[in-house]
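A closer look at the structure
Read off the chains here:
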Number of protein chains: 2
Amino acid sequence: MWYALKRLLIGQPLKSNELGEQKLNKTKALAILSSDALSSVAYGPEQILIVLITVSAVAFWYTIPIAVGVLILLLALILSYRQIIFAYPHGGGAYVVSKENLGVNAGLIAGGSLLVDYILTVAVSISAGTDAITSAFPHLHPYNVEIAVILVVFITILNLRGITESASILAYPVYLFILALIILIIVGVYHILMGNVAPDLHASLGTPVAGISLFLLLKAFASGSSALTGVEAISNAIPNFKDPGPNNASKTLMAMGLLLAILFSGIVYLAYYYGIAPKAQETVVSQIASQTFGRNVMYYFIQGTTAMILVLAANTGYSAFPLLAVNLAKDKFIARMFTIRGDRLGYSNGIIFLAVASILLIIAFKGKTEHLIPLYAVGVFIPFTLAQTGMLVKWIREKPKGWVLKLTVNLVGALISFTVMMIFFLTKFGQVWAVLIFLPLIVFIFHRIKKHYEAVGEQLRITTCEPTIPIEGNIMIVPVAGITHVVENSLNYAKSLSPDQIIAVYVAFDRDAEKQFEEKWQTWQPDVRLVTLHSQYRSIIHPLTKFIDTVEHKANEANFRVTVLIPQFIPKKSWHNILHNQSSLLIRAFLLYRRNLVVTTVPYHLKK
Amino acid sequence: MWYALKRLLIGQPLKSNELGEQKLNKTKALAILSSDALSSVAYGPEQILIVLITVSAVAFWYTIPIAVGVLILLLALILSYRQIIFAYPHGGGAYVVSKENLGVNAGLIAGGSLLVDYILTVAVSISAGTDAITSAFPHLHPYNVEIAVILVVFITILNLRGITESASILAYPVYLFILALIILIIVGVYHILMGNVAPDLHASLGTPVAGISLFLLLKAFASGSSALTGVEAISNAIPNFKDPGPNNASKTLMAMGLLLAILFSGIVYLAYYYGIAPKAQETVVSQIASQTFGRNVMYYFIQGTTAMILVLAANTGYSAFPLLAVNLAKDKFIARMFTIRGDRLGYSNGIIFLAVASILLIIAFKGKTEHLIPLYAVGVFIPFTLAQTGMLVKWIREKPKGWVLKLTVNLVGALISFTVMMIFFLTKFGQVWAVLIFLPLIVFIFHRIKKHYEAVGEQLRITTCEPTIPIEGNIMIVPVAGITHVVENSLNYAKSLSPDQIIAVYVAFDRDAEKQFEEKWQTWQPDVRLVTLHSQYRSIIHPLTKFIDTVEHKANEANFRVTVLIPQFIPKKSWHNILHNQSSLLIRAFLLYRRNLVVTTVPYHLKK
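Just so we're clear, the structure is a prediction, and the values are computed from it rather than from any experiment. (Residues numbered from 1 in each chain as written. Chains lettered and ligands numbered in written order. Predicted model: local features only at pLDDT ≥ 70, side-chain atom pairs only at ≥ 80, totals over all residues. Heavy atoms only, no water.)

A separate point is the overall build of chain A. Within chain A one finds 22 helices and five strands. The C-alpha radius of gyration of chain A comes to 32 Å, more than 25% above the 25 Å expected for a compact globule of 608 residues. For chain A, the spread of C-alpha atoms along the three principal axes comes to 110 × 60 × 50 Å. Buried residues in chain A amount to 56% of all 608 residues. Within chain A, contacts between residues separated by at least 24 positions form 81% of all contacts whose residues are at least 6 apart in sequence. Total accessible area on chain A stands at roughly 26200 Å², and carbon and sulfur atoms take up 65% of it. Both charge centroids of chain A, one from 47 positive and one from 32 negative side chains, sit 5 Å from each other. (Helix = DSSP H or I, 4+ residues; strand = E, 2+ residues; numbered from the N terminus. Rg over C-alpha atoms; globule rule 2.2 N^0.38 Å. Buried < 20%, exposed > 50% of the residue type's maximum accessible area, 1.4 Å probe, protein only. Contact = heavy atoms within 4.5 Å. Areas by Shrake-Rupley, 256 points an atom, 1.4 Å probe, with all protein chains shown as cover. Lys, Arg positive; Asp, Glu negative; His and termini not counted. Charge placed at Lys NZ, Arg CZ, Asp CG, Glu CD.)

Spelled out as structure tokens, the structure:
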């Protein structure tokens with residue numbers, strides 16, 4: 001039944017050689033990998049205004065130079081990541097670039113930040129999308145957490161089905177959102193040009209503002225930069241692209257950069273010209289839309305696609321997290337299971353891990369993850385800075401043709417990213433301090449895991465010089481619970497392997513039962529040695545393991561191997577299991593972790 | 001760590017022969033086994049008034065004849081259960097009596113009702129007690145469910161520690177409650193005798209009441225009878241008493257009956273004389289107490305002990321449920337695990353099952369389990385009726401000395417119980433219909449379980465006439481994942497048992513790896529046959545089981561036994577396990593349920 005359900009939700013398994021067909025063309029890749037970046041237009045401009053309003057509404061004209069700064073940062077990031085795509089065509093982004101150029105620890109800091117960031121992407125985006133939905137349908141508001149969890153599950157299933165099929169479904173809302181915002185911008189600008197908008201709604205550029213400071217402007221700039229979260233996703237996901245991967249990825253990246261720049265500038269310009277102030281109850285985009293169209297069909301179209309793209313932004317995490325995890329797992333820094341492809345060729349373990357982690361975050365924060373946003377942004381700018389610094393080092397070291405220009409691009413990018421990161425630490429330390437504890441910890445864990453894998457590999461490797469201790473004989477211990485077919489079956493099996501000794505062990509709870517059993521055994525299996533143990537505490541395991549310890553000790557001296565044969569009857573229907581004492585399972589689990597003990601389960605299948 | 005925590009909470013394990021010391025003397029037994037019955041005085045009289053007020057306050061004088069009816073029912077129940085205690089000194093109460101005299105199905109109906117009822121006892125009493133606490137401390141009100149769950153866990157731990165130690169702690173509140181109510185009644189009656197209470201607060205007995213009907217009076221009587229839930233607990237728990245069990249139990253029962261009668265009549269009389277009407281915000285007991293003492297220290301003493309005894313009433317369930325479960329399990333109607341005594345000699349599985357079930361009920365009903373009360377009451381009167389009918393049959397069948405008197409006692413009891421039960425069904429069908437579905441279902445499940453146990457016993461029993469198929473030889477299959485010490489270790493073990501054939505199986509995901517592995521194997525273990533399987537779907541289990549099926553089929557024809565040897569390396573620290581593919585566990589679980597296949601795990605312990 002579980003199997004049928006899995007097939008229904010996930011689809012039939014795909015063969016390994018069908019991998020090529022699961023790859024993305026540019027149109028789908030743009031939708032899948034840029035929804036995170038593009039959706040941030042919905043809140044990026046607002047973040048700038050929220051900082052500026054602490055001074056006065058006159059200061060709003062500063063959005064224009066700040067937006068120019070953000071666009072320059074965007075340009076630097078896009079150009080830098082374009083260079084990364086060609087320099088590292090197998091993906092990995094900030095992790096690989098930092099590791100190769102700045103050393104392992106820098107790479108691990110970048111990788112660790114990004115891993116956590118993708119989880120935050122999912123939790124934050126889904127919660128924001130849910131808020132958008134429940135704002136439209138207020139009677140759903142009490143079920144915020146439930147709706148968010150359902151959305152995560154839905155996106156998880158789409159991703160487990162495989163990335164191409166997901167793309168087909170997910171592409172529409174992204175393009176509809178782009179369409180909606182472009183219409184909004186065109187109509188808005190048209191109104192301005194036609195003189196339909198009063199020109200006194202905003203202060204002109206350069207109006208002096210009392211109380212403004214460089215610190216505040218930098219803070220506003222940093223807040224606005226949160227609109228750039230997600231631009232690195234494409235460079236991590238090159239292996240998902242159709243061949244030639246780097247070319248297609250680079251073109252997709254440029255297209256995304258262009259769209260992001262157009263949408264961001266358009267929204268900032270309209271917000272400035274309309275003199276819009278941030279409100280708690282209504283988003284900036286909603287205000288622009290209702291001023292431009294009134295509350296008609298177009299307004300709801302814009303709000304609807306905005307809500308959808310916020311939910312889909314979470315999907316970027318689903319594309320990027322498993323691939324980054326594979327890169328880390330291949331280097332043995334995280335568990336190997338992240339490298340295994342599932343039935344539909346997606347990295348299922350990464351997808352499921354991401355889903356569970358983000359659902360836990362959503363439940364823990366009761367769907368109100370807004371105060372995770374600064375943490376999220378700072379977690380993005382750390383790898384940005386590291387990746388660009390890594391590229392700097394690479395150009396200086398390799399000095400390819402035109403390296404001075406390339407160096408300049410990355411230098412500008414690195415400096416701006418670093419500045420944004422530092423501003424986050426300086427202005428929002430109370431919300432981002434956890435990063436300073438968390439990152440060293442995760443790097444430490446990465447190293448521990450790698451050390452463990454290396455130690456295991458070392459111990460498993462066959463080297464010719466090592467002597468193996470020969471096995472001189474076998475002792476088989478059969479714990480018995482009564483005189484039954486199950487026990488008979490196990491004894492017959494033991495005898496067929498002709499070990500040097502078979503010992504049946506019976507644990508008795510009182511003296512009478514003990515004596516009675518010994519007598520019965522004598523007539524039933526006189527040729528098998530029976531040892532009875534007395535248990536005062538009604539425990540089977542403790543006297544049994546004590547006895548086995550003694551046998552093992554003697555056996556080891558003679559290089560004998562000890563096997564514990566556990567007779568187990570298998571009921572016909574699995575629900576019957578709850579009716580039976582699971583002591584054989586317990587015994588097995590307990591014994592397996594003891595040195596040099598082989599555990600054999602001899603099943604006896606019931607017929608009814 | 002888990003072990004240390006368990007020792008701290010539960011205490012050191014006790015030896016089986018320390019059982020006697022865990023038994024109850026009469027004083028402790030009265031506290032432990034009667035808190036349920038006694039605590040119902042806190043709400044029983046109120047239930048009568050709630051029905052009568054639907055007519056008018058003048059009708060309140062009917063509480064007196066109704067209370068007399070309840071007292072007669074109480075007397076009948078006490079006398080009847082006293083007879084049951086001596087007739088069935090090993091406990092089991094309604095279940096055993098019904099089963100022996102009315103047949104298995106009647107017994108199962110009684111047993112099933114009681115099992116569920118004890119769960120309801122815990123859920124309802126704890127919730128009511130929590131309400132009492134949070135009424136006193138209103139700022140705790142939002143944490144009702146959490147407090148209730150903590151109380152259940154607390155009582156569970158006390159019971160897992162063992163019943164004597166629990167008794168020491170639980171006895172005080174019960175006796176304090178009795179003391180508090182007796183002081184209340186004495187002072188109240190003293191005030192009345194001294195003429196301090198206006199005599200016109202109540203209508204005199206016999207005042208004509210418009211709109212009163214027999215149906216309504218019966219309904220009020222049935223509601224008042226809910227004060228009698230819990231009187232059967234003592235007869236189920238005779239094995240917990242110090243020797244001589246039946247004598248001690250009988251004396252405890254009589255003492256409880258007397259106390260219950262005094263407290264019930266006292267509260268009803270004071271409520272009548274003071275002319276108290278039921279209020280949503282204040283209980284009847286609280287109204288009497290504040291009229292008698294004012295809101296002074298005595299008032300809070302009464303309210304406090306009432307709250308405590310309500311919580312402790314839940315403990316009756318903890319004493320009765322595991323013992324009833326043992327009786328049912330001994331007859332094979334429920335899982336055998338309920339008969340196992342834990343470290344502290346309590347029936348831990350029953351205790352834990354009860355705790356989990358009642359916590360689930362509390363959470364599902366968000367701590368508001370009031371509408372479970374009618375269900376709870378009807379579930380008590382079904383076994384009451386069955387037990388007394390059973391006793392009737394017994395007297396008629398056995399005709400001992402003085403049987404006519406005994407018969408009369410049980411006849412009266414049976415008739416009243418039956419009437420109360422029918423009134424519940426007639427007047428509160430909307431709340432109790434579930435019983436009519438649930439009881440047949442549970443009886444069906446009981447029979448299914450018994451049938452299964454009997455079928456298993458049948459199949460396991462050794463009968464001389466049965467021929468066993470001799471094992472002619474052994475084939476060992478070793479799934480291998482690489483050329484490592486783990487595999488080497490398993491192969492050496494297999495060789496030491498000299499089976500007829502050893503087959504190593506390798507599952508390859510692509511053709512290159514397959515070929516490479518075959519070559520390496522040839523130089524490493526040329527004497528062990530290697531079979532390589534190709535998996536297109538990246539699954540190890542499917543090709544492996546397909547191959548094993550083929551081998552098994554051939555082996556069965558020759559009466560060969562197939563053993564699958566699973567090489568497994570055991571990391572030094574258990575957290576390392578999450579870093580390794582758990583395929584060996586999966587393979588084992590999957591194979592064990594296949595016919596005639598022995599599964600052996602050969603551990604290879606890592607040293608670092």
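This is not the end of the story, as more comes after the structure.
Interfaces are often sized by the accessible area lost when the parts come together. Of the residues lining the interface, 75 residues belong to chain B; the matching set on chain A comes to 75 residues. Here chain B meets chain A over a buried area of about 6600 Å², counting both sides, of which 56% is carbon and sulfur. Our count for the contact surface shared by chain B and chain A stands at zero salt bridges. Ranked by the residues each element gives to the side of chain B that touches chain A, the list is headed by strand β5 (residues 597–605) of chain B, at nine residues. By residue class, the composition of the side of chain B that touches chain A is 34 nonpolar, 24 polar and 17 charged. Note that strand β5 (residues 597–605) of chain A and β5(B) share three bridges and pair antiparallel. (Buried area = accessible area lost by both parts, 1.4 Å probe. Salt bridge = Lys/Arg side-chain N within 4 Å of Asp/Glu carboxyl O. Nonpolar A, V, L, I, M, F, W, Y, C, P; charged D, E, K, R; others polar. Pairing = 2+ DSSP bridges.)

All names here are of chain A. Even without being a glycine, lysine 332 presents a positive backbone phi close to 70°. Position of lysine 332 among the secondary structure elements: in the loop between α13 (297–330) and α14 (348–364). Even without being a glycine, lysine 399 presents a positive backbone phi close to 45°. Summarising the element assignment, lysine 399 is placed in the loop between α15 (373–398) and α16 (403–427). Judged by relative accessible area, which is 47%, lysine 399 ranks as partly exposed.

The strand order across the open sheet formed by 10 strands is β3(A)-β2(A)-β1(A)-β4(A)-β5(A)-β5(B)-β4(B)-β1(B)-β2(B)-β3(B), and the pairing between neighbours is mixed. With one partner strand each, in any of the chains shown, β3 (529–534) of chain A together with β3 (529–534) of chain B form the two edges of the open sheet. When strand polarity is set aside, the average angle formed by the axes of neighbouring strands in this sheet is 25°. Alignment of strand β4 (residues 560–570) of chain B against β5(B), held across nine bridges, turns out to be parallel. Directly across from Thr563(B), in β5(B), lies its bridge partner Val598(B). (Axes fitted to C-alpha atoms, helices over the stretch in contact; angles between N-to-C directions.)

This paragraph deals with the pairing of β3(A). For a regular strand, the rule is simple: side chains alternate between the two faces of the sheet. Residue and element names in this part refer to chain A. Bridge count for strand β2 (residues 501–508) against β3 is six bridges, and the pairing is parallel. Bridge assignment links alanine 504 to a residue of β3, and that residue is leucine 530. Crossover connection from β2 via helix α20 (residues 511–524) to parallel β3: handedness right-handed. (Right-handed = clockwise from strand over helix to strand, strands pointing away.)

Mapped onto the secondary structure, Glu46(B) falls in helix α3 (residues 44–52). The class for Glu46(B) is buried, based on a relative accessible area of 11%.

All names here are of chain B. The terminal C-alpha atoms of helix α2 (residues 26–39) lie 19 Å apart, and with 14 residues this matches the ideal 20 Å at 1.5 Å per residue to within 8%. Along α2, the sharpest change in direction is near 50° and occurs at leucine 33. Counting buried positions along α2 yields 11 of 14 residues, so the element is predominantly enclosed. Taken as a whole, α2 has its buried residues at Ala29, Leu30, Ala31, Ile32, Leu33, Ser34, Ser35, Asp36, Ala37, Leu38 and Ser39. (Expected span 1.5 Å × (residues − 1). Bend = angle between axes of the 7 residues up to and from the residue.)

With that out of the way, let us pick up the pattern of salt bridges. Residue and element names in this part refer to chain A. The full count for this structure, using the stated rule, is 10 salt bridges over all chains. As a salt-bridge pair, lysine 394 and glutamate 398 come within 3.2 Å of each other at their nearest N and O atoms. Here the residue lysine 394 and the residue glutamate 398 both occupy positions in helix α15, the gap between them amounting to four residues, near one helical turn. Given a relative accessible area of 10%, lysine 394 falls into the buried group. By relative accessible area, glutamate 398 is classed as partly exposed at 44%.

Right, let's get into the confidence of the model for chain A. Chain-level pLDDT for chain A is 83 on average; 92% of the residues reach the 70-or-more range. Across the interfaces of the predicted complex, the ipTM metric reaches 0.73, alongside a pTM of 0.71. (pLDDT = per-residue confidence, 0-100.)

Moving on, we come to the packing of aromatic side chains. Scanning the model with the defined rule gives 22 aromatic pairs over all chains in all. Ring geometry for Tyr506(B) versus Phe517(B): centroids 3.7 Å apart, planes at 10°, classification stacked. Residue Tyr506(B) is located in strand β2 (residues 501–508), and its partner Phe517(B) is located in helix α20 (residues 511–524); the two are separated by 11 residues in the primary sequence. Phe517(B) shares its class with Tyr506(B); the two are buried. Through a chain of ring-to-ring contacts, three or more aromatic side chains come together here, namely Tyr81(A), Phe381(A), Phe384(A) and Phe424(A). Over the ring of Phe333(A) we find Lys450(A); its NZ or CZ atom is 4.6 Å from the centre of that ring. (Phe/Tyr/Trp six-rings, centres within 6.5 Å; stacked < 30°, edge-to-face > 60°. Lys NZ or Arg CZ within 6 Å of the ring centre and 35° of its normal.)

A few words on a nonpolar patch on the surface. A contiguous nonpolar patch, built from Phe215(A), Phe418(A), Met422(A) and Leu426(A) and spanning about 410 Å² of accessible area, is present on the exposed surface. No other element matches α16(A), which puts three residues into the nonpolar patch. (Patch = residues over 30% accessible without salt bridge, like charges linked within 9 Å, V, L, I, M, F, W, Y side chains within 5 Å.)

Another aspect to go through is the relation of the copies chain B and chain A. Screw-axis analysis of chain B against chain A gives a translation of 0.1 Å along the axis, an RMSD of 0.2 Å, and a rotation angle of 180°. Put plainly, the chains are arranged around a two-fold axis. Ranked by how close their C-alpha atoms come to the rotation axis, the residues of chain B are headed by Thr600(B), at 2.1 Å. A high fraction, 100%, of the interface residues of chain B reappear at the interface in chain A, so the copies pair face to face through one surface. (Least-squares fit on C-alpha atoms with pLDDT ≥ 70 in both.)

The next point concerns the packing of helix α2 (residues 26–39) of chain A against α13(A). Residue and element names in this part refer to chain A. Between α2 and α13, the least distance of the axes is 7 Å, while the angle of their chain directions is 130°. Relative to α13, the element α2 is oriented oblique. Pair α2 / α13 crosses with left-handed handedness. In contact with Ile32, Leu33, Ser35, Asp36, Leu38 and Ser39 of α2, α13 contributes Ile309, Leu310, Leu312, Ala313, Asn315, Thr316 and Ser319. Residues that form the contact of α2 with α13 fall into these classes: seven nonpolar, five polar and one charged. (Parallel < 35°, antiparallel > 145°, perpendicular 65-115°, else oblique. Left-handed = near helix turned anticlockwise from the far one by under 90°.)

Residues and elements named next belong to chain B. With their axes 11 Å apart at the nearest point, helix α4 (residues 63–87) and helix α15 (residues 373–398) run at an angle of 60° to one another. The pairing of α4 with α15 is recorded here as oblique in orientation. Classified by chirality, the crossing of α15 by α4 is left-handed. Contact residues: α4 offers Leu73, Ala76, Leu77, Ser80, Tyr81, Gln83, Ile84 and Ala87, while α15 offers Phe381, Phe384, Ala387, Gln388, Met391, Lys394 and Trp395. The residue makeup of the contact of α4 with α15, split by class, is 11 nonpolar, three polar and one charged.

With that out of the way, let us pick up helix α19 (residues 485–496) of chain B. Residues and elements named next belong to chain B. Its 12 residues place the ends of α19 16 Å apart at the C-alpha level, agreeing with the 16 Å of an ideal helix rising 1.5 Å per residue. Within α19, nine of the 12 residues are buried, which leaves it mostly tucked inside the rest of the structure. Looking at α19, one finds that the buried residues are His485, Val486, Val487, Glu488, Asn489, Ser490, Leu491, Tyr493 and Ala494. Just beyond α19, the residue with positive phi is serine 498, at close to 35°.

A surface patch of like charges, here positive, comprises Arg448(A), Lys451(A), Lys572(B) and Lys573(B). Inspection of the secondary structure assignment puts Lys572(B) in the loop between β4 and α22 (583–592).

On to the nonpolar core. Core analysis: the largest hydrophobic core is formed by 156 residues, its most contacted members being Leu38(B), Leu52(B), Ile66(B), Ile126(B), Ile288(B), Ile302(B) and Leu328(B). Of all the elements, helix α13 (residues 297–330) of chain B adds the most residues to this core, at 17 residues. Discounting chain neighbours no more than four positions away, the residues touching Leu38(B) are Val174(B), Phe177(B), Ile178(B), Met256(B), Leu259(B), Leu260(B), Leu263(B) and Ile309(B). Core analysis: the next-biggest nonpolar cluster, separate from the first, contains 155 residues, Leu52(A), Tyr62(A), Ala106(A) and Leu328(A) among them. (Core = buried A, V, L, I, M, F, W, Y, C linked by side-chain atoms within 4.5 Å.)

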